[in-house]
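One letter stands for each residue in the lines below.
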There are 2 protein chains.
Amino acid sequence: MVTLKQVAAEAGVSTSTASSALRDLDIVRPETKRRVIEAANRLDYRINTSARALRSGRSDIFIAIIPDLDNQYYARFANALSNALSDRGKRLILQISRYDGDTELRQIRSIDPSTCDGLFVCSIANSGKVLHDAAGSIPVLMFDDMSGTADAYYDSIETPGQGGTAAAINHLVNECGRRRIGVVGALADRHDDGSLARALRTNRCNFALQALRSHGLADERSLIACDWSVDAGIDMAHRLAAQGMPYDALCCMNDELALGIMRGLAEEGINVPDAVAVTGFDGITSGSYTTPTLTTVAVDFEGMAQTGTAMMEQQVERLAANDTTPIMPQRVIVGFQLLKRESTLGRTATTGFTTRPR
Amino acid sequence: MVTLKQVAAEAGVSTSTASSALRDLDIVRPETKRRVIEAANRLDYRINTSARALRSGRSDIFIAIIPDLDNQYYARFANALSNALSDRGKRLILQISRYDGDTELRQIRSIDPSTCDGLFVCSIANSGKVLHDAAGSIPVLMFDDMSGTADAYYDSIETPGQGGTAAAINHLVNECGRRRIGVVGALADRHDDGSLARALRTNRCNFALQALRSHGLADERSLIACDWSVDAGIDMAHRLAAQGMPYDALCCMNDELALGIMRGLAEEGINVPDAVAVTGFDGITSGSYTTPTLTTVAVDFEGMAQTGTAMMEQQVERLAANDTTPIMPQRVIVGFQLLKRESTLGRTATTGFTTRPR
DNA sequence: GTGAAAGCGCTAACAG
DNA sequence: CTGTTAGCGCTTTCAC
């Protein structure tokens with residue numbers, strides 16, 4: 001293996017100069033820099049990142065803990081995050097928690113700071129406080145932290161629950177003329193304090209209800225408790241059909257659930273959107289080619305990843321500079337776009353069926 | 001940060017003994033081992049992996065280069081691979097090549113062996129030879145190596161092109177009574193030698209044609225050139241419809257393509273499977289909840305990942321042991337299961353539409 | 001079985 | 001601007 005020492009010898013400089021040159025520090029004369037770089041190329045030198053990390057304390061490696069890549073939401077997220085980091089010369093290790101809070105904690109505890117500059121966590125079970133105890137001094141950025149605003153430990157990025165559900169509900173009411181709208185995806189509480197209200201407060205359902213209320217359309221039947229999964233959606237569609245389908249629109253809290261709902265309704269022979277309009281949330285790709293295509297709140301995954309890496313970088317800098325001035329954890333809400341497709345608009349006569357709404 | 005030195009002090013042993021104890025080497029007395037482990041737990045010691053990698057030459061980190069995680073096939077693959085490695089105490093870095101052969105090579109060249117014990121590559125553009133030049137001494141395992149058997153440089157794992165397409169074709173012929181079967185997904189050649197025959201020889205289309213031939217159903221119209229993507233599938237469906245749909249079944253070379261075909265056929269008002277039966281290949285999740293659900297050759301992703309990590313481990317051992325005895329690269333073909341669903345069977349009268357074929 | 005010492009390849013501190 | 005020196009935390013000889 002070619003070492004820095006050999007490159008330095010080849011270029012006729014000392015190892016420290018070679019090191020500085022390859023890191024493009026300004027203290028090296030351009031001419032010297034060039035000689036070193038050429039020598040490195042000639043020898044096909046590759047830096048030993050372990051040695052660098054050991055000495056400098058920075059590995060340029062980050063870890064993302066994600067429930068499952070078979071869920072398209074997380075897959076797109078991981079994709080965007082990996083690309084965003086890659087564009088900045090950093091690498092991403094993926095750890096799959098399999099939707100298990102304990103696995104997640106175990107994975108975090110096994111991380112050593114020397115090979116991980118920072119941690120991105122999509123937790124479905126652990127609060128910032130719990131993560132903090134496990135992560136120690138490692139910078140952490142959370143995504144859709146559901147543990148409440150009062151005890152925010154870390155910077156976090158949120159999907160646009162308020163704006164997104166409002167846009168979906170407005171669309172259903174104003175453009176589709178729906179009045180009996182169900183909000184599908186209320187979560188059974190999974191938090192320690194056992195209060196359903198608390199979990200709800202911080203999640204999309206609550207915002208959707210607010211939006212319904214603003215139209216004077218909220219009642220005790222507005223909220224439908226349901227897991228955010230395809231299978232749960234299918235089951236729920238059958239259950240609602242058995243009740244005579246008391247809704248003319250179902251505003252689903254994520255796309256997988258919405259696609260399950262659509263499948264279940266198809267099995268029941270209930271037409272979407274004529275009998276029931278359906279909206280999703282996330283903007284995963286498969287909603288663009290199902291029949292009917294799914295109207296959904298498309299989250300800006302790339303923006304989420306860009307912002308996330310930028311925020312993370314700040315934290316890393318702060319840590320490196322030993323800056324311990326207390327700061328408030330930031331919360332950033334990412335952008336979205338309401339994609340109006342067939343599950344609310346139908347196959348419009350003018351466009352027929354020949355263009356694919358994206 | 002707690003170092004091994006501190007753990008050793010706490011346990012009242014030397015650092016080397018502490019090191020051996022924590023690595024569970026047999027040379028340490030059980031009693032001593034216990035003391036060291038307790039000390040480590042007490043201090044919440046986490047090994048500095050950079051230092052370990054620098055000294056030992058092993059990082060327990062692997063890299064997978066994958067075209068895109070928004071493609072469900074690769075997402076499931078990455079998921080399975082990450083889990084398989086995780087189960088063995090190893091980590092996976094994901095690099096997204098964005099379907100670009102040059103990006104892929106650049107990523108491989110930037111890898112340094114000290115932080116990467118081995119490389120998993122899903123290449124869509126580079127042959128084993130080209131990868132070999134870029135990867136140097138790093139162990140590599142390829143997935144669906146399309147560069148031909150003659151110049152195999154690395155161990156590889158293949159999806160079951162022959163068995164899978166044969167199963168799909170047999171199903172279409174014997175159980176669905178189809179005779180005018182199109183094989184969708186012939187690839188334009190992307191290899192250096194410019195021979196279409198070469199790329200074909202090694203891909204699924206060829207095996208599908210073989211299967212058709214065995215039923216006496218192959219002719220010059222059997223093969224339909226088409227990209228393996230949703231959009232290409234939609235376009236192709238329209239094009240075939242414009243030709244009066246000369247097929248009663250379309251055997252698609254992957255699921256995304258098949259789902260695109262189904263979407264396009266729906267736009268054309270062509271019923272699946274009554275007018276045209278459709279089969280896919282891969283077994284991605286969304287085929288289980290589209291309407292109709294997709295009959296497909298479901299690849300054993302977990303088996304693929306398990307076998308892959310095992311084969312990789314062998315290579316790593318060989319390298320560590322400096323075993324240079326020449327060996328033939330292995331090729332392993334993973335298992336599959338033909339999932340018979342609505343896109344070929346229809347919504348059977350008995351089960352109605354109430355159960356979801358998985 | 002255990003400890004002392006050397007050193008993996010690099011960067012940071014300082015001297016020139 | 002460049003070189004010398006020290007040492008990051010660990011594993012690996014090799015004595016004992």
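Source: prediction; values computed, not measured.

Draft legend 1. Fine view of the protein's contact with DNA strand D. Lining the immediate surroundings of DNA strand D are 24 residues, of which Thr-32 and Arg-55 of chain A together with Leu-4, Ser-19 and Tyr-45 of chain B lie closest. At a separation of 2.9 Å, a phosphate oxygen of DNA strand D approaches a polar side-chain atom of Arg-29 of chain A. Ala-51 of chain B is positioned with one of its backbone polar atoms (N or O) 3.5 Å from a base nitrogen of DNA strand D. For the surface near DNA strand D, the secondary structure elements donating two or more residues are helix H2 (15-22) and helix H4 (49-56) of chain A together with helix H2 (15-22) and helix H4 (49-56) of chain B. Its residues assigned to classes, the surface near DNA strand D shows ten nonpolar, nine polar and five charged.

Draft legend 2. Summary view of the relation of the copies chain B and chain A. It takes a turn of 180° to lay chain B on chain A, together with a shift of 0.1 Å along the axis; the resulting RMSD is 0.1 Å. Such a turn and shift between the copies fits a two-fold axis. By residue overlap, the copies meet face to face through one surface: 98% of the interface positions of chain B are interface positions in chain A.

Draft legend 3. Representation of empty space enclosed by the protein within the structure. What the rule picks out here adds up to four cavities of 30 Å³ or more. Empty space within the largest cavity amounts to approximately 70 Å³. Along the walls of the largest cavity sit 13 residues, with Ser-50, Ile-61 and Thr-115 of chain A together with Ser-50 and Thr-115 of chain B positioned nearest its centre. Of all elements in the fold, only H4 of chain A together with H4 of chain B reach the threshold of two or more residues within the lining of the largest cavity. Its residues assigned to classes, the lining of the largest cavity comprises four nonpolar, nine polar and no charged. Around the second largest cavity sit Leu-259, Met-262, Arg-263, Thr-290 and Thr-291 of chain A together with Tyr-289, Thr-290 and Thr-291 of chain B, which together line it. For the lining of the second largest cavity, the class distribution of residues is three nonpolar, four polar and one charged.

Draft legend 4. How the structure looks around the sheet that holds strand S11 (residues 331-333) of chain A. Spatially, twelve strands are ordered S11(A)-S5(A)-S4(A)-S3(A)-S1(A)-S2(A)-S2(B)-S1(B)-S3(B)-S4(B)-S5(B)-S11(B) in an open sheet, and the strand pairing comes out mixed. Two strands close off the open sheet at either side, each with one partner strand: S11 of chain A together with strand S11 (331-333) of chain B. Each strand axis lies, on average, 25° off the axis of its neighbour in the sheet, ignoring direction. In terms of strand pairing, strand S3 (residues 118-121) of chain A meets strand S4 (residues 140-143) of chain A through three bridges, oriented parallel. For Leu-119 of chain A, the partnering residue across the bridge sits in S4 of chain A and is Val-140 of chain A.

Draft legend 5. Region of interest: the sheet that holds strand S8 (residues 249-252) of chain A. Residues and elements named next belong to chain A. Judged by pairing direction, the sheet is mixed, and its six strands sit side by side in the order S7-S6-S8-S9-S10-S12 without closing on themselves. Among the strands making up the open sheet, the edge pair consists of strand S7 (223-225) and strand S12 (336-339). Taking the axes of each pair of neighbouring strands and ignoring which way they run, one obtains an average angle of 20° across the sheet. Pairing geometry for strand S6 (residues 181-186) and S8, over four bridges, is parallel.

Draft legend 6. Structural context of the protein's contact with DNA strand C. The environment of DNA strand C is formed by 23 residues, the closest being Leu-4, Ser-19 and Tyr-45 of chain A together with Thr-32 and Arg-55 of chain B. Sugar and phosphate atoms form 68% of the subset of DNA strand C atoms that lie within 4 Å of the protein. A distance of 3.0 Å separates a base nitrogen of DNA strand C from a polar side-chain atom of Ser-16 of chain B. Secondary-structure elements contributing two or more residues to the surface near DNA strand C are H2 and H4 of chain A together with H2 and H4 of chain B. Examining the composition of the surface near DNA strand C, we find that four residues originate from one element, H4 of chain A, more than from any other. Considering only residue class, the surface near DNA strand C consists of ten nonpolar, eight polar and five charged.

Draft legend 7. Structural view of the interface of chain B and chain A. Each side of the interface is counted separately: chain B has 62 residues, and chain A has 61 residues. Three residues, Arg-46, Arg-263 and Tyr-289 of chain B, lead the burial of chain B against chain A; their summed loss comes to 15% of the area buried on that side. Between the two partners, chain B and chain A, sit four salt bridges. The salt bridge partner of Asp-87 of chain A is Arg-98 of chain B, with a shortest N-O separation of 3.2 Å. Scanning the region where chain B abuts chain A turns up 36 residue pairs in polar contact (both at pLDDT 80 or more). Contributing elements (two or more residues each) for the side of chain B that touches chain A: H4, strand S1 (61-66), helix H5 (72-87), strand S2 (91-96), helix H6 (101-109), helix H7 (128-135), helix H11 (230-242) and helix H12 (255-267) of chain B. Ranked by residues supplied to the side of chain B that touches chain A, first place goes to H5 of chain B with nine residues. Two elements, strand S2 (residues 91-96) of chain A and S2 of chain B, share two bridges in a ladder whose sense is antiparallel. Paired with Leu-94 of chain A across the strands is Leu-92 of chain B, a residue of S2 of chain B.

Draft legend 8. Representation of the packing of H6 of chain B against H7 of chain B within the structure. Residue and element names in this part refer to chain B. Where H6 contacts H7, the two axes come as close as 8 Å, and the packing angle between them is 35°. Crossing handedness for the pair H6 and H7: right-handed. Here Glu-104, Leu-105, Ile-108 and Arg-109 of H6 lie close against H7, whose contacting residues are Val-130, Leu-131, Ala-134 and Ala-135.

Draft legend 9. Structural view of the pattern of salt bridges. All names here are of chain B. Taken as a whole, this structure holds 35 salt bridges over all chains when the rule is applied. Lys-340 is the partner of Glu-175 in a salt bridge, and the nearest nitrogen-oxygen pair spans 3.1 Å. Residue Glu-175 is located in helix H8 (residues 161-175), and its partner Lys-340 is located in the loop between strand S12 (336-339) and helix H14 (342-345); the two are separated by 165 residues in the primary sequence.

Draft legend 10. Here's a closer look at H12 of chain B. All names here are of chain B. In this model H12 runs 18 Å from its N-terminal to its C-terminal C-alpha over 13 residues, within 8% of the 18 Å that 1.5 Å per residue would give. Burial analysis of H12 places twelve of its 13 residues in the buried class, the great majority of the element. For H12, the full list of buried residues reads Asp-255, Glu-256, Leu-257, Ala-258, Leu-259, Gly-260, Ile-261, Met-262, Arg-263, Gly-264, Leu-265 and Glu-267. Where H12 ends, the next residue or the one after it, Gly-269, has phi of about 75°, a positive value.

Draft legend 11. A look at the side chain of Arg-263 of chain B. Within the element layout of this structure, Arg-263 of chain B appears in helix H12. A distance of 2.5 Å separates polar atoms of two side chains, one belonging to Arg-263 of chain B and the other to Glu-342 of chain A.

About the cut-offs
- Residues numbered from 1 in each chain as written.
- Chains lettered and ligands numbered in written order.
- Predicted model: local features only at pLDDT ≥ 70, side-chain atom pairs only at ≥ 80, totals over all residues.
- Heavy atoms only, no water.
- Near = heavy atom within 4 Å.
- Polar contact = N/O pair within 3.5 Å; in protein donor to acceptor, adjacent residues only side chain to side chain.
- Helix = DSSP H or I, 4+ residues; strand = E, 2+ residues; numbered from the N terminus.
- Nonpolar A, V, L, I, M, F, W, Y, C, P; charged D, E, K, R; others polar.
- Least-squares fit on C-alpha atoms with pLDDT ≥ 70 in both.
- Contact = heavy atoms within 4.5 Å.
- 1 Å grid on protein atoms, 1.4 Å probe; cavity = no way out; pocket = protein on both sides within 12 Å on 5 of 7 lines; lining within 4 Å.
- Points joined across faces, edges and corners; volume = space filled by probe spheres on them.
- Pairing = 2+ DSSP bridges.
- Axes fitted to C-alpha atoms, helices over the stretch in contact; angles between N-to-C directions.
- Buried area = accessible area lost by both parts, 1.4 Å probe.
- Salt bridge = Lys/Arg side-chain N within 4 Å of Asp/Glu carboxyl O.
- Left-handed = near helix turned anticlockwise from the far one by under 90°.
- Expected span 1.5 Å × (residues − 1).
- Buried < 20%, exposed > 50% of the residue type's maximum accessible area, 1.4 Å probe, protein only.

Any functional reading would require information beyond the geometric quantities listed.
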